[in-house]
Amino acid sequence: MINKAFEIVNRKVEAVLSEQGYVRRNVTGTDSNELVTLYTGETTAYSILYYKDKKHMVMRSCAMTEDGPDNEWKTIGTWMFDPETDKEREAESIGNDFADNVTSPMFIQASKVQKKKKKKDDDGSGDPLFFAKRLVAVFPDLKEEIKNEEDSYEQFRGVTFTREFILPKVKQLMTENDKSKINKFAEVLSSQYAYCDMDTRSIITIVILNYVQDEELKEMLRQNMSDELVKAWKAAEKYRGKKVKPAKKKKPGFMQKMMEQSIENRENYLNQLNQ
């Protein structure tokens, strides 16, 4: 069943990537635990993997070089798929989600302008609106709420929208104790934390994860999160219930003023998150 499901997912993805000029390559996994396919374009590569031990279907991307993919992969989508219980319908849903990933205007534009490998500390490109749309996979009701937000405001209110519409769903997640939904939520947070910009990362850690108080839910989330997000969550806990205060300044020069203004802008944003 897993081979058939894997091909269903790839058929969906290949259909949209081929229209963008990508070519499917014959590759093999690093071991028997993996199923893998690779799609290469002029500046970007995409890969679909299935990890048999974790039962995870993963989509990721990286930059292309003259020698091929640079292998600095970033996860852009993750789904659970258990071949013992999931069927073709679930595989179709995963394929549609992955196909949506690579047909969004943001991804297409990013692949066109990407000319070289990104530095390790480069900021991601997914914004709070993109992140909210990815959460629709966990909370379907968000789709209509996102539409209303876009129709009502010129600019998407990332922090406000998260507090008004996402946090109540996280609260409901605490009471439902739906392990499958909790696992999916953790996976989406992890993949988006790796891909999105700094404002969105702050929303994920300081607004959403710091809102979680239930210790059992915390542990369930950590078990399904990336190590990167687990560490970031731990670091963000120091901001719970606190406001960041700008450091005192001592007659700064012009360049120092510019740097301090940048820091203060960042601190003001953190203050907004904690209000």
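Visitor: What exactly am I supposed to notice about the overall build of the chain here?
Guide: Along its length, the chain carries 11 helices and six strands. When the accessible area of the chain is evaluated, it comes to approximately 15600 Å², of which 48% is carbon and sulfur surface.

Visitor: Explain the packing of aromatic side chains to me, please; I cannot follow it from the model alone.
Guide: What describes a pair of aromatic rings is the distance from one ring centre to the other and the angle between the planes of the rings. Counting across every chain of the model gives four aromatic pairs. The interplanar angle of 50 degrees and the centroid separation of 5.0 Å between the aromatic rings of Phe156 and Phe161 together place this pair among those described as tilted. Put simply, the rings of Phe156, Phe161 and Phe165 touch in pairs and so form one group of aromatic residues. The residue whose ring lies beneath Arg60 is Trp73, and the NZ or CZ to ring-centre distance is 4.3 Å. Here the basic side chain of Arg157 rests over the ring of Tyr153, its NZ or CZ set 3.7 Å away from the ring centre.

Visitor: Teacher, can you tell me more about the confidence of the model for the chain here?
Guide: Atom-level detail of predicted coordinates should not be read off regions where pLDDT is low. Mean pLDDT for the chain: 80, with 78% of residues reaching 70 or above. Mean pLDDT in the chain bottoms out at helix H11 (residues 254-274), which sits at 52, and peaks at helix H1 (residues 2-19), which reaches 93. Predicted confidence for residues 115-123 stays below pLDDT 50, and this span has 12 contacts to residues more than four positions away or in other chains. In the predicted structure, residues 244-255 sits below a pLDDT of 50 and forms 12 contacts with residues beyond four places in sequence or in another chain.

Visitor: Just to check I follow, could you spell out the environment of Gln223 for this structure?
Guide: Mapped onto the elements, Gln223 comes out in helix H9 (residues 215-224). A residue is classified by how much of its surface remains accessible, and Gln223, at 58% relative accessible area, is exposed. For the pair Gln223 and Asn183, spaced 40 residues apart in the sequence, the C-alpha separation amounts to 8.5 Å.

Visitor: Looking at this model, I keep getting lost on the pattern of salt bridges. Mind explaining?
Guide: For side chains bearing opposite charge, pairing can occur when the charged atoms are close. Enumeration according to the criterion identifies 14 salt bridges in this entry. The shortest N-O distance in the salt bridge between Lys147 and Asp151 comes to 3.0 Å. A residue pair is termed a helical-turn pair when its members lie 3 or 4 positions apart in one helix, as Lys147 and Asp151 do in helix H5 (residues 142-152) at four residues. Residue Lys147 is classed as partly exposed on the basis of its relative accessible area, which comes to 44%. The exposed category is assigned to Asp151, whose relative accessible area is 55%. The partner of Arg157 in a salt bridge is Glu164, and the shortest N-O contact between them spans 3.8 Å.

Visitor: Looking at this structure, how should I read the side chain of Lys169?
Guide: Mapped onto the elements, Lys169 comes out in helix H6 (residues 158-176). Side-chain polar atoms of Lys169 contact the side chain of Glu145, separated by 3.0 Å. Within the structure, the side chain of Lys169 is placed 3.3 Å from the backbone oxygen of Phe165, a separation counted as a polar contact. Not counting chain neighbours up to four residues away, the residues in contact with Lys169 comprise Phe139, Asp141, Leu142 and Glu145.

Visitor: Explain helix H7 (residues 179-195) to me, please; I cannot follow it from the model alone.
Guide: In an α-helix, one full turn covers 3.6 residues, which means residues spaced three or four apart are oriented alike. Between its terminal C-alpha atoms H7 stretches 24 Å, which fits the 24 Å expected from 17 residues at 1.5 Å a residue. Of all 17 residues that make up H7, 14 are buried, and the element is covered over most of its length. The opening residue of H7 is Asp178, an N-cap whose side-chain oxygen sits 3.2 Å from the backbone nitrogen of Ser180.

Visitor: Would you mind going over the pairing of strand E2 (residues 34-40) with me for this structure?
Guide: For a regular strand, side-chain orientation follows a simple rule: the groups alternate between the two sheet faces. Within E2, seven of the seven residues are buried, leaving the element largely enclosed by the surrounding structure. Looking at chain direction, strand E1 (residues 23-25) and E2 are connected through three bridges and run antiparallel. Residue Arg25 lies in a different strand from E2, and its bridge partner there is Leu38. Once E2 ends, the chain turns through three residues before running back antiparallel as strand E3 (residues 44-51).

Visitor: I'm lost on helix H2 (residues 88-103) in this one. Help?
Guide: With 16 residues, H2 extends 22 Å from end C-alpha to end C-alpha; this agrees with the ideal 22 Å at 1.5 Å per step. Where H2 is concerned, the buried positions are Ala91, Ile94, Gly95, Asp97, Phe98, Ala99, Asn101 and Val102.

Visitor: In this structure, what is going on with the nonpolar core? I would like to understand it.
Guide: Grouped burial of nonpolar side chains is what soluble globular proteins tend to show. Within the largest apolar cluster, 61 residues are counted, with the highest numbers of intra-cluster contacts made by Met57, Phe98, Phe185 and Leu221. It is H1 that provides the largest number of residues to this core, a total of eight residues. Apart from the residues lying within four places of it in its own chain, the contact partners of Phe185 are Leu135, Val138, Phe139, Val170, Leu173, Ile208 and Leu221.

Visitor: Can you help me understand the packing of H6 against H7 in this one?
Guide: Two quantities define a packed helix pair, namely the angle between the helix axes and the distance between the axes. Between H6 and H7, the least distance of the axes is 9 Å, while the angle of their chain directions is 140 degrees. Overall, the two elements H6 and H7 adopt an arrangement that is oblique. Of the two possible hands of crossing, H6 and H7 adopt the one that is left-handed. Counting all contacts with H6, which are made through Val170, Leu173 and Glu176, the residues of H7 involved are Lys181, Ile182 and Phe185. Of the residues that constitute the contact of H6 with H7, the class distribution is four nonpolar, no polar and two charged.

Reading the values: rules and limits
Residues numbered from 1 in each chain as written. Predicted model: local features only at pLDDT ≥ 70, side-chain atom pairs only at ≥ 80, totals over all residues. Heavy atoms only, no water. Helix = DSSP H or I, 4+ residues; strand = E, 2+ residues; numbered from the N terminus. Areas by Shrake-Rupley, 256 points an atom, 1.4 Å probe, with all protein chains shown as cover. Phe/Tyr/Trp six-rings, centres within 6.5 Å; stacked < 30°, edge-to-face > 60°. Lys NZ or Arg CZ within 6 Å of the ring centre and 35° of its normal. pLDDT = per-residue confidence, 0-100. Contact = heavy atoms within 4.5 Å. Buried < 20%, exposed > 50% of the residue type's maximum accessible area, 1.4 Å probe, protein only. Salt bridge = Lys/Arg side-chain N within 4 Å of Asp/Glu carboxyl O. Polar contact = N/O pair within 3.5 Å; in protein donor to acceptor, adjacent residues only side chain to side chain. Expected span 1.5 Å × (residues − 1). Pairing = 2+ DSSP bridges. Core = buried A, V, L, I, M, F, W, Y, C linked by side-chain atoms within 4.5 Å. Axes fitted to C-alpha atoms, helices over the stretch in contact; angles between N-to-C directions. Parallel < 35°, antiparallel > 145°, perpendicular 65-115°, else oblique. Left-handed = near helix turned anticlockwise from the far one by under 90°. Nonpolar A, V, L, I, M, F, W, Y, C, P; charged D, E, K, R; others polar.

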